[in-house]
Amino acid sequence: MDRLEAMSVIVAVAETGSISAASRRLKSPVASISRKVAELEAHLKAQLFQRTSRRMTLTDAGRSYIDACKRIIEQVEDAEREVSGEYRMPKGEMAVTAPWGLGHAHLLPHVIEFLNTYPDISLRLMLTDNVVNVTDENIDVAIRLGPLPESSMIATRIGSIRVVVCGSPSYLKTRGRPRKLSELAKHDCITIDDHAAPAAWTFVCGNRPRVAAIRSRLCVNTSEAAVLAAINGAGLARVMSYKMDTAMREGRLAIVLDEFEPQPLPVHILYPPRKPMPLKLRTFLNWMTPRLKDRLALA
């Protein structure tokens, strides 16, 4: 029995709560995970888990053993990083995740610059609007949009994103620039929805939510399509500011009703606590954090 591998398996089972979830995390067959847990319990002559039909929870003996396993695994990983030079020079592989649109508009250009500057670092970049499980996917850095849940992750706020209503100069010249929320009902609106066009947008007026009726002339299923339609004069679109800031800087879109915008959404860069911190991670954070702050200040 490979003791270190067995320790990694039971840590995965303890953290995910089941054999099947640990199997998915480790990309190993369920039967293999189950067998390794049983072999380790037999070797230790102790039951590490209480088993139910839905979940596996640690026994008292299991909790003590898991804590020791985590320390041992961390020490081995640190030793490997030290030998490979990760603490002496920025090198190795990293995984980074970010929302799809934010990643394309703001992160990706700097990622390319970073890789050109540090040729010994390789990046796996996951751009998705789904919230990626940092532990399961072995993510080093995550960029999150919106309020953060409680977690052990270290978070640094790098900016904020507005939710704006915008239209093309030609549309606003023809139909007029709305000054009041009640005027939206007279405009052509471009909505974003997979199923049905919403009949209202929610704003803030005097620190209170205000619902404004709208008329959806075009419903699309991506914000990118809504921005393109707005550029081409199809009506007013409501999107996150980073989706349309390039078009705004180029004079193809203008923001309206900005005094009624809700509070901007915070943007954070997060990473799991690691001591000591690998030099590749510190280098990435030191490079990316100020650049994203500057970029998001324009969003």
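**Topic: the pairing of strand S14 (residues 265–271)**
- Extensive coverage of S14 is indicated by the burial of 6 of its 7 residues.
- The sheet contact formed by strand S5 (residues 141–145) and S14 spans 4 bridges and is antiparallel. Paired with Arg 144 across the bridge in S14 is His 268.
- Here strand S6 (residues 154–161) runs beside S14; their pairing, made up of 7 bridges, is antiparallel. What sits directly across from Ala 155, in S14, is Leu 270.

**Some thoughts on the side chain of Glu 41**
- Structurally, Glu 41 is set in helix H3 (residues 30–44).
- Given a relative accessible area of 11%, Glu 41 falls into the buried group.
- At 3.4 Å, the side chain of Glu 41 forms a polar contact with the backbone nitrogen of Phe 49.

**So, empty space enclosed by the protein**
- What the rule picks out here adds up to 1 cavity of 30 Å³ or more.
- Its boundaries defined by the atoms lining it, the largest cavity holds a volume of some 40 Å³.
- Every residue lining the largest cavity is listed: Leu 102, His 106, Leu 107, Ile 143, Ile 158, Leu 292 and Leu 296.
- Looking at the lining of the largest cavity, the elements that each hand over two or more residues are helix H5 (100–117) and helix H9 (279–296).
- When residues of the lining of the largest cavity are assigned to their parent elements, the largest contribution, 3 residues, is made by H5.

**With respect to the pattern of salt bridges**
- In total, this model carries 13 salt bridges according to the counting rule given.
- Of the charged contacts, one joins Glu 15 and Arg 25 as a salt bridge, the two residues approaching to 2.6 Å between their closest N and O atoms. In this pair, Glu 15 sits in helix H1 (residues 3–16) while Arg 25 sits in helix H2 (residues 19–26), placing the two residues 10 residues apart along the sequence.
- Using a relative accessible area of 15% as the deciding quantity, one classes Arg 25 as buried.
- A salt bridge links Arg 252 to Glu 250; the shortest N-O distance between them is 2.8 Å.
- Several salt bridges share partner residues, and in doing so they unite Arg 175, Asp 188, Arg 215 and Arg 217 into one network.

**Notes on helix H8 (residues 241–249)**
- All of the buried residues in H8 are Ser 241, Tyr 242, Met 244, Asp 245 and Ala 247.
- Just beyond H8, the residue with positive phi is Gly 251, at close to 80°.

Cut-offs and rules
- Residues numbered from 1 in each chain as written.
- Predicted model: local features only at pLDDT ≥ 70, side-chain atom pairs only at ≥ 80, totals over all residues.
- Heavy atoms only, no water.
- Buried < 20%, exposed > 50% of the residue type's maximum accessible area, 1.4 Å probe, protein only.
- Helix = DSSP H or I, 4+ residues; strand = E, 2+ residues; numbered from the N terminus.
- Pairing = 2+ DSSP bridges.
- Polar contact = N/O pair within 3.5 Å; in protein donor to acceptor, adjacent residues only side chain to side chain.
- 1 Å grid on protein atoms, 1.4 Å probe; cavity = no way out; pocket = protein on both sides within 12 Å on 5 of 7 lines; lining within 4 Å.
- Points joined across faces, edges and corners; volume = space filled by probe spheres on them.
- Salt bridge = Lys/Arg side-chain N within 4 Å of Asp/Glu carboxyl O.

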